[in-house]
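If you want the building blocks of each chain, they are given just below.
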Amino acid sequence: MAIFATLPGLNLFSSPPSNPRLPPPSDPTPKPSTPIPIPRYPKPLKSQKSITKQPPNESTTSSPAFKTFHRRTKYYKPVSDGVISSEGDRSVIIGESGVSYLLPGAPFEFQFSYSETPKVKPLAIREPAFLPFAPPTMPRPWTGKAPLKKSKKNIPLFDSFNPPPVGMKGVKQVEMPGPFPLGRFPKEGMTREEILGERLTREEVRMLVKPHLSHNRQVNLGRDGLTHNMLELIHEHWKRQRICKVRCRGVPTVDMDNVCYHLEEKTGGKIIHRVGGVLYLFRGRNYNYRTRPQYPVMLWKPATPVYPKLIQEAPDGLTKFEAADMIKKGKNLLPICKLAKNGIYMTLVKDVRDAFEGSPLVKIDCRGMHASDYKKIGAKLKELVPCVLLSFDDEQILAWRGKEWKSMYPEAPPSVSVSNHSSDSAPLNSAEFPSANERLVPELEISSPKFLSRWKRAIESSKALLLDEIELGPDELLEKVEAFAITLQASEHSYPALIVSSGESADILNTDDEDGSDTLSDADDEDDDNEYGYGDQDYIGSFEELESSIPKGSLPVDVIVEQLTSD
């Protein structure tokens, strides 16, 4: 090492010593070279840039599935309805649901997102049309690692009908198919009706849902909605347990009925309980993991196609100057609400409809949210309310109700107030009191539509009293009000009666919770009952009602009710 140190032009800390196997250089005093030479790559094309740092070779350019296109590429290709690309039986299709992928033997057309795809047809695509699945020539999806060696152990295929014994080492707890009444056993089923089996009773729903109320083992559904890879993830949850808990946040919660429909349609399960943005998906009585439908996994997220613009210079029914004037007025308008990031927006559509009853313009504050999130929310409001979007300036949604807008509430009837005077108490001065002809004309007072809807709801729920007899004295009116107050108090504090049918389950009225939690629509229930008798009547209502066991008549206030009914 001392000899090397005396050599001229050599630095031990800049480069390693030369390889003695190489021939000696011609120059006796060579300059030190860098340890790793800097490669020179060819310049990428302007129309198409690659994010790979290695030069393209023959192996990577053989299949378009291995090409990674930049998200900010200028690729733009107009498309029309029909097949835009095909590789044998595998094809890319443009239809009513946007860009979809058709594979041989698939039960339906695959998409990246099933619930958050716009209903308008795309105008163009941002990347070449090829399928985001592994090519059929690959034995397995590329993970960057060599395949594992074949295990010497003979591991049996997972079967729900024949699970491993309890306490077996290396195997997690597995729930058997069911639940079943005594004397019933699982049956092999291929169709959805056969796998679901008979509808669940209220006691079975309570038994299935209660253990999962506080568990964090769940599927998180975010801004992209129900994606394709979530289908396989839900079946992985069903592999170990009968219930899959799905937690929805963000944009999909604007239209929860759409999320519930696609969850049941694509997975084949049944939503048996729903609280806010949390869904409990039942796999079915006769579910078997071995015979489940298997879906290929998407290896990457396809680029979003180009859709028509949401904000137009001249919206429907307005000129360019009228739209600019409305946008100017909307800057001074107070927002009806402020949306939090990754929140639950189940009541947003109803709030916008109610706001249109009092103002033609509505503003929603979305500051702090991602730009794509509040634009998707605006697109959903345009379809569900419906309304006309004017601007997304300052991270706020400004919407106009449109010229064809119609009120949700009927015209309010006039409230009649007639001053009744007996013949004994005749007015002394006719100038101070109205005449007889004037007293016959009622005073008209138009109530607001929102107040009218609450008034009708109070009468239907027996919380308000409608007096058909207008000519009542003070004493008679006071007696009726006191009797109504006692009856209302008794009905509010007594335990509601539980009507049990002759079948296995009980029917409970469908009520909307004040905290925003609601159930599936009645139309879906009727369709399910007509199809396979698996209706949602057993699952409607809050989960706390299932645990109530107070018999009717045990409260002291029930004695007051019996006295009132007997009188």
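Everything quoted here is computed from the prediction, not taken from an experiment. (Residues numbered from 1 in each chain as written. Predicted model: local features only at pLDDT ≥ 70, side-chain atom pairs only at ≥ 80, totals over all residues. Heavy atoms only, no water.)

### Side note on the confidence of the model for the protein
A residue-level look at the protein finds 65% of positions with pLDDT of 70 or above and a mean pLDDT of 74. Of all the helices and strands in the protein, helix α10 (residues 436–440) carries the lowest mean pLDDT, 41, while strand β7 (residues 243–248) carries the highest, 96. Considering only residues more than four positions removed or in separate chains, one finds that residues 47–61, a stretch of pLDDT under 50, has 15 contacts. A low-confidence stretch, residues 544–549 (pLDDT under 50), is modelled with 7 contacts involving residues beyond four sequence positions or located in other chains. (pLDDT = per-residue confidence, 0-100. Helix = DSSP H or I, 4+ residues; strand = E, 2+ residues; numbered from the N terminus. Contact = heavy atoms within 4.5 Å.)

### Considering the sheet that holds strand β8 (residues 270–275)
The strand order across the open sheet formed by 4 strands is β6-β7-β9-β8, and the pairing between neighbours is mixed. Sheet topology places β6 (219–221) and β8 at the edges, where each strand pairs with a single neighbour. On average, each strand axis in the sheet is tilted by 25 degrees relative to the strand beside it, whichever way the strands run. With 5 bridges connecting them, β8 and strand β9 (residues 278–282) associate as antiparallel partners. Counted as the bridge partner of Lys 270 is Phe 282 from β9. On top of the sheet, helix α4 (residues 202–209) reaches β7, β8 and β9; it is set at about 70 degrees to β8, its chief contact. (Pairing = 2+ DSSP bridges. Axes fitted to C-alpha atoms, helices over the stretch in contact; angles between N-to-C directions.)

### Description of the pairing of β9
Counting buried positions over the 5 residues of β9 gives 5, a clear majority of the element. Here β9 shows two buried faces, one formed by Val 278, Tyr 280 and Phe 282 and the other by Leu 279 and Leu 281. Bridge count between β7 and β9: 5 bridges; the pairing is antiparallel. Looking at β9, one finds that Cys 244 is bridged to Leu 281. (Buried < 20%, exposed > 50% of the residue type's maximum accessible area, 1.4 Å probe, protein only.)

### Remarks on the packing of helix α5 (residues 229–240) against helix α6 (residues 256–267)
At a closest axis distance of 11 Å, the pairing of α5 and α6 adopts a crossing angle of 75 degrees. Considering their axes alone, α5 and α6 lie roughly perpendicular with respect to each other. Counted together, Leu 231, Ile 234, His 235 and Trp 238 of α5 and Leu 263, Lys 266 and Thr 267 of α6 form the full contact between these two elements. Grouping the amino acids of the contact of α5 with α6 by side-chain chemistry returns 4 nonpolar, 2 polar and 1 charged. (Parallel < 35°, antiparallel > 145°, perpendicular 65-115°, else oblique. Nonpolar A, V, L, I, M, F, W, Y, C, P; charged D, E, K, R; others polar.)

### Looking at the packing of aromatic side chains
For the structure on display, the rule yields 9 aromatic pairs. Taken together, a centroid distance of 6.2 Å and an interplanar angle of 90 degrees make the contact between Tyr 101 and Phe 133 edge-to-face. Taken together, the residues span a long stretch of sequence, with Tyr 101 in strand β4 (residues 98–102) and Phe 133 in the loop between β5 (124–125) and α3 (192–196) at a distance of 32 residues. On the basis of relative accessibility, which here comes to 5%, the residue Tyr 101 falls in the buried class. When its relative accessible area of 2% is taken as the criterion, Phe 133 is described as buried. Between Phe 110 and Tyr 295, the aromatic rings sit 6.2 Å apart at their centres with planes inclined by 85 degrees, giving edge-to-face as the arrangement. (Phe/Tyr/Trp six-rings, centres within 6.5 Å; stacked < 30°, edge-to-face > 60°.)

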